[in-house]
Each structure stands twice: as C-alpha cells, then as structure tokens.
Amino acid sequence: MSESKAANTIARERVDNIATRNSEPAWLKDLRLSAWERYLQTAMPEPREEEWRKIELGSLHLSELKAIDWPGATGKEGKPSKLPQYFADSLSTFENAGVVAETCAQHWNELSEKAAKQGVIFCSLKSAVEKHQDKVKPYLEKTLTKDGKFTLMNQALFNTGAFLYVPNNVEVDLPFLSMIHLDAEAMQSGVAVFPRVVVVLGANSKATLMASVSTEEAAGNAAAHLSLCDQSVEVHLAQGAKLQYIELHKLSDNTFGVLRNHYDLARDASLYSLTVGLGGAQIKSDINTVLGAPGAHCDIEGVVFGDGSEHFSFNTCVDHDAPDTKSNINFRVALKDSASSVYLGTIKVAKVAQKTDSFQSNKNLLLGSDAKADSIPKLEILADDVKCSHGATVGPVDKEQIFYLQSRGLTEPEAEELVVTGFFKQIFDTCALPGAADYISELLANKMQGND
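Small disclaimer: the values here were computed from a predicted structure and weren't measured.

K.L.:
Could you give me a rundown of the overall build of the protein, with the residues and numbers involved?
P.N.:
Along its length, the protein carries ten helices and 21 strands. The C-alpha atoms of the protein give 21 Å as radius of gyration, which agrees with the globular expectation for 452 residues (22 Å, within 12%). Per-residue burial over the protein gives 56% buried out of 452 residues. The contacts of the protein with a sequence gap of at least 6 include a subset with a gap of at least 24, amounting to 85%. If you average the places of the 44 positive and of the 60 negative side-chain charges in the protein, the two averages end up 4 Å apart.

K.L.:
Talk me through the nonpolar core; I want residue IDs and the actual numbers.
P.N.:
If you look at the biggest cluster of nonpolar residues, it comprises 62 residues, and the most contacted ones within it are Leu237, Leu243, Leu265 and Leu271. Within the second largest apolar cluster, 41 residues are counted, among which are Val99, Leu248, Leu365 and Ala436.

K.L.:
So what's going on with the layout of surface pockets? Residues and values would help.
P.N.:
Of the volumes computed, that of the largest pocket is approximately 630 Å³. In terms of lining residues, the largest pocket is bounded by 31 residues, among which His107, Ser124, Leu125, Lys126 and Ser127 are the most central. Within the residue set of the lining of the largest pocket, elements represented by two or more residues are α2 (26–41), β2 (98–102), β3 (106–110), β4 (121–124), α5 (125–131), β5 (160–166) and β6 (176–182). Take the lining of the largest pocket: its biggest share by element is six residues, from α5. For the lining of the largest pocket, the class distribution of residues is eleven nonpolar, twelve polar and eight charged.

K.L.:
So, helix α7 (residues 149–157): which residues are in play, and what are the values?
P.N.:
Counting buried positions over the nine residues of α7 gives nine, a clear majority of the element. Inspection of α7 places Lys149, Phe150, Thr151, Leu152, Met153, Asn154, Gln155, Ala156 and Leu157 among the buried residues, and these make up the whole buried set.

K.L.:
Lay out the packing of aromatic side chains with the relevant residues and their values.
P.N.:
Applying the stated rule across the entire model yields twelve aromatic pairs. When the ring of Phe163 is compared with that of Tyr165, the centres are 6.5 Å apart and the planes differ by 20°; the resulting orientation is stacked. Of the two residues examined, Phe163 and Tyr165, each falls in the buried class. A centroid spacing of 6.2 Å and a plane angle of 55° characterise the contact between Phe424 and Phe428, whose relative ring orientation is tilted. Residue Phe424 and its partner Phe428 are both found in helix α9 (residues 412–428); the two are separated by four residues, about one turn of the helix. A network of ring pairs unites the aromatic residues Phe312, Phe314, Phe331 and Tyr343 as a single cluster. Seen from the ring of Tyr39, Lys149 lies directly overhead, with NZ or CZ sitting 3.9 Å from the centre. Above the plane of the ring of Tyr86 lies Lys250, whose end atom (NZ or CZ) is 5.3 Å from the centre.

K.L.:
So what's going on with the environment of His390? Residues and values would help.
P.N.:
With respect to the helices, strands and loops of the structure, His390 is situated in strand β21 (residues 387–396). When its relative accessible area of 38% is taken as the criterion, His390 is described as partly exposed. Look past the residues within four positions of His390 in its chain and what remains in contact with it is Phe359, Gln360, Pro377 and Leu379.

K.L.:
Outline the pairing of strand β16 (residues 311–320), supporting the account with residue identities and numerical values.
P.N.:
For β16, a buried count of ten out of ten residues is recorded, marking the element as mostly surrounded by other parts of the structure. Burial along β16 is two-sided: His311, Ser313, Asn315, Cys317 and Asp319 facing one way and Phe312, Phe314, Thr316, Val318 and His320 facing the other are all buried. Pairing of strand β14 (residues 282–291) with β16 involves ten bridges; the strand directions are parallel. The residue of β16 that forms the bridge with Gln282 is His311. As paired strands, β16 and strand β18 (residues 340–349) are joined by ten bridges and run parallel to one another. Bridging across to β18, Ser313 finds its partner in Val342.

K.L.:
Break down the pattern of salt bridges for me, citing the residues and quoting the values.
P.N.:
In this structure the tally under the stated criterion is 15 salt bridges. The partner of Arg196 in a salt bridge is Glu234, and the shortest N-O contact between them spans 2.8 Å. Residue Arg196 is found in strand β8 (residues 195–201), and its partner Glu234 is found in strand β10 (residues 227–237); the two are separated by 38 residues along the sequence. For the residue pair Arg196 and Glu234, the accessibility class agrees, reading buried in each case. Close ionic contact of Lys355 with Asp385 constitutes a salt bridge, the shortest N to O distance being 2.9 Å. Here Lys355 is found in the loop between β18 and β19 (357–366), whereas its partner Asp385 is found in the loop between β20 (372–381) and β21, with 30 residues between them in sequence.

K.L.:
Explain the sheet that holds β3 to me, using residue names and the numbers behind them.
P.N.:
Reading across the sheet, the eleven strands line up as β1-β3-β2-β6-β9-β11-β13-β15-β17-β19-β21 and stay open at both edges, with mixed pairing between neighbours. Two strands close off the open sheet at either side, each with one partner strand: β1 (76–77) and β21. The sheet contact formed by β1 and β3 spans two bridges and is parallel. Its bridge partner being in β3, Lys76 is matched across the sheet by Gln106. The sheet contacts of helix α3 (residues 85–93) involve β2, β3, β6, β9 (206–215) and β11 (242–250), and relative to β6 the element is tilted by about 170°.

K.L.:
So, α2: which residues are in play, and what are the values?
P.N.:
Under the 1.5 Å per step criterion, the end-to-end length of α2 is 23 Å for 16 residues, consistent within 8% with the ideal 22 Å. Every buried residue belonging to α2 is among Trp27, Leu28, Arg32, Leu33, Ala35, Trp36 and Tyr39, and all of these are buried.

K.L.:
I'd love a proper account of the confidence of the model for the protein, names of residues and values included.
P.N.:
Atom-level detail of predicted coordinates should not be read off regions where pLDDT is low. The predicted model of the protein averages 88 in pLDDT, with 91% of residues at 70 or higher. Counting contacts from residues 1–9, a segment whose pLDDT is below 50, to residues more than four positions away or on other chains yields nine contacts.

K.L.:
Which residues make up the packing of α2 against α7, and what are the values?
P.N.:
Close contact between α2 and α7 brings their axes to 7 Å; oriented N to C, the two are set at 155°. On the basis of their axis angle, the class for α2 and α7 is roughly antiparallel. Note on packing geometry: the crossing formed by α2 with α7 is left-handed. Contact residues: α2 offers Arg32, Ala35, Trp36, Arg38, Tyr39 and Leu40, while α7 offers Lys149, Leu152, Met153, Gln155, Ala156 and Leu157. Residues of the contact of α2 with α7, tallied by class, amount to eight nonpolar, one polar and three charged.

Quick notes on the rules
- Position numbers for residues count from 1 along each chain, tracking the sequence in the order it is written.
- Local features in a predicted model are, by the rule used here, given only for residues with pLDDT of at least 70; side-chain atom pairs are given and counted only at 80 or more, and totals for whole chains, interfaces and linings are based on all residues.
- With hydrogens and water excluded, all non-hydrogen atoms of the structure serve as input to the side-chain values.
- Think of it this way: any DSSP run of H or I at least four residues long counts as a helix, any run of E at least two long counts as a strand, and we number them from the N terminus.
- Computation of the radius of gyration draws on C-alpha atoms, with the globule rule given as 2.2 Å multiplied by the number of residues to the power 0.38.
- Burial classification: accessible surface area is computed with a 1.4 Å probe over protein chains only, and a residue below 20% of its type maximum counts as buried, one above 50% as exposed, and the rest as partly exposed.
- Here, residues are in contact when the closest pair of their heavy atoms is within 4.5 Å.
- This count recognises Lys and Arg as positive and Asp and Glu as negative, with His and chain-terminal groups excluded.
- Note that the charge is assigned to NZ on lysines, CZ on arginines, CG on aspartates and CD on glutamates.
- For this analysis, a nonpolar core means a set of buried residues of the types Ala, Val, Leu, Ile, Met, Phe, Trp, Tyr and Cys, connected via side-chain atoms within 4.5 Å.
- Grid points spaced at 1 Å and placed over the protein atoms alone form the basis of the search, with a cavity being a set where a 1.4 Å probe fits but cannot get out and a pocket an open set showing protein on both sides within 12 Å along at least five of seven lines. Lining residues have an atom within 4 Å of a point.
- Grid points are joined across faces, edges and corners, and a volume is the space filled by probe spheres set on the points.
- Three categories are distinguished: nonpolar for Ala, Val, Leu, Ile, Met, Phe, Trp, Tyr, Cys and Pro, charged for Asp, Glu, Lys and Arg, and polar for the others, with Gly belonging to the last.
- Pairing of aromatic side chains requires ring centres within 6.5 Å, counting the rings of Phe and Tyr and the six-membered ring of Trp. Pairs whose planes differ by under 30 degrees are stacked, by over 60 edge-to-face, and all others tilted.
- Either the NZ atom of lysine or the CZ atom of arginine qualifies as a charge over a ring when it sits within 6 Å of the ring centre and within 35 degrees of the ring normal.
- At least two DSSP bridges between two strands are needed for those strands to be called paired.
- We count a salt bridge whenever a side-chain nitrogen from Lys or Arg sits within 4 Å of a carboxyl oxygen from Asp or Glu.
- The axes are straight lines fitted to the C-alpha atoms, using for helices just the contacting stretch, and the angles between their N-to-C directions are given from 0 to 180°.
- Each helix should span, by expectation, one fewer than its residue count multiplied by 1.5 Å.
- Per residue, pLDDT measures the predictor's confidence, with a range of 0 to 100.
- Reported orientations rely on four angle classes, namely roughly parallel under 35 degrees, roughly antiparallel over 145, roughly perpendicular from 65 to 115, and oblique for the rest.
- Crossing chirality is assigned from the near helix's rotation relative to the far helix, an anticlockwise turn below a right angle marking it left-handed and a clockwise turn marking it right-handed.

In structure tokens:
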C-alpha cells in the first residue's frame, strides 16, 4: 500500500475516533472530515517552494507515527503531584495565572474567580466545545487564508489545545498559560500532537497569553522516527482589543515542528507577539497577520537560538489591508555548531492601505563557521503614500568581544552566553509581562549550557 493510501485509511479512522471519543457534535465532526478531504486534495509542500526552502520533509514519515491519539488525549483530570520541571518553573514565575495544561498522563484547568465572574473563558478546546459551543463554534468554522497541507491536517486531527475568550470592555491583568508537555516515554515510537489554540478578544478588552509546547528526547535509541508537533494558533481581536501573546517552542532533537499563527486585527486593535524558538530537529513556522481596519497595529518579534544540527524556517507576513495601519517586525536568530535558519519576511500593502507605516528587521548571529543563515525580506506595495523599510544582517560573533570578556575572567562559553543575551536584549526589553524576560533568558541560558 502506498504511503498516501495508508495515510488516507489511517487518518479517516483517526478522525472518526477523535470525534467519537470526545462525543463531539455532528457539526464539529463534519468540520474535521471536510478539512481532511481538503487535506487529501492538497499537495505536500516541496523544498523548491520559497516558503519551504531547505525543509527536509522526507525525514517525516506520517504513516509511521504510532500515536496520533497521543497519551494525553485520554489522561485523567487533575493537577499532577509531581510536575514536569518546565511546568513548575512556569507556574512559579507567573503566579495566580490562569492555566490550561496537559501532560501525557493528566490535564487540568485553573481560572480565577474574578476572571470567571467577568465572563472570561479559558479552558481546553474540548471543554469549550462541550460547555461554550456558542462562543467557539463561529471561530472553528472560519476558513483562514493559506490553509496548507499541515494546517488542514491540524483542523482534521487537533487533539489538544486551548480556548481564550475575553468579553467586551474586560481587562485582565494576570496572564493566561497554555502548556503542553510530552515526556521521553511518549516520544519513543514517534508521536503526533496537534495543538489548536483559539483566542477571541472582544471590543476594548485586554489580555496576555503565553502558550508553550515542550517535548523531551526519546528514551534510549528510539529517535529513529521523528515525532510531529503540528500546531495552529488563531487570534481574533475586535475593535480596540489589546493582546500580548508569547509563544515558546522547546522541542527535542527528534521533533519536527510545523507551527502556524494567524492574527486577525480589527479597527484600533493592538497585538504584541513574541515567538521564542529553542529547539527542534526542524521547525517550520508561519506567522500571518492581517491588519484589516484603520488604526490596527502589530509588533511581531522573535528570539531563536539553535545548536547541533537544528534547522529553523520562520516566515512572517503582514497584510496591510486598510489605511492608517502600522507594523513592526523584529526577528533575531543566533546559531552555533551546524545549526541553520531561513527567514522570509513579507510586508504586503494593499492599494487602499494609504498611510501604512511598516518596518521589518532580521538579524542573524553566527557562533561557528558551520552555522548558516539566510534572510529574505520582501516588500509588496500597491499604495503610494506609505512608509515601509526593512533591514537584514548575517554575521559572525565578534571574536574581539569574546576575547575581551575572557580577559575579564569569563570562560569562552560564559562569554558566548553573555554576547548572545546582549544580542537578544532589545527584544527582551519590549516584553511587558513581568518576569517574562528573565524567564526566557534563563531558558536560553540553560540551552546554551546544555541543561535543557
């Protein structure tokens, strides 16, 4: 049987199994099956496509993934007595945060009484379908642009995730945490996890969400088959809404990550998005932002550190579809060993989008002679009264800086860590969530020290 036929047979059965196991309503099962049919009709992307440059899809064997219904899908409810260290650190850093968390054995949900009384909903996507169908259904039914092969697969097979809903005129100061963790045992035979996060902020509301996915190295010699993390994040901001969104990818060297974010901003809406990439065999991330009405504004930022043979491909695209919109894109990438990255950044300005103000920057720091980075900035401008610019740099670490720091008593790894932290500092300084910059800096330091 060919791989395409095997995948067809297995996946149709899995769609049915997910819908049945969760006792999903008919409309959701129909949405899953419709997405799967479109998945079958959509060609697998190829490395020659600009947005998939240097991604080796041949290393991912979808039909060999043993556990598409990953262990957490049937885990028991309740907070574990012993948390994964990554979860424990997050919860201690962001005290009293709302939480939707899932490990391979358990899942739990926490929301403050105050937020609940304000009409805020923060729960698993499964719970949202069961208890808040009227709120979540319109957004699960939406057809988003650029529904590629892996996005359609996520829509058909999503098996974890979160739903955040903030009503009109409600401002929430404490952050929300969505956390997913796969342990070494689950990773042994190849596992697929399909997180889907849906965020809806009403008019003039305000919230902060941090979403993270972490995986451990497969136990023993079980890394022959890559595991898959196929994630979709869909954000809808109504007029005047403000969202601070932080996304963390802390994936193991035997995890293939395909991550897609879609941000939809209405009039005067504001978005701050920070993507933190700290590992994975290959990471393919698309971050698409639509500024659909006057006054919409976004800051799209990224901090990426790779080592070993890790490969990252980040594509950011901002569509200015209305006049008087503003965007700022700032992605910084540091690579050592034989790690590599490709950054493709596109700013699109529609003919009606006069008075657009947009800036895009991508800087790459190479910590070794075998590390490689490509930067491809693009402008597609149809309006004539705009302010748009971009910049990109790729360069090695300054050896004189390293030598100077060593002369002051630091070891070479310590000097390197200090230089990399300084390289990312400008972005860390823009993060307004208390404790977040130090928390991310510590994760970065742990990875550089080999303690992750």
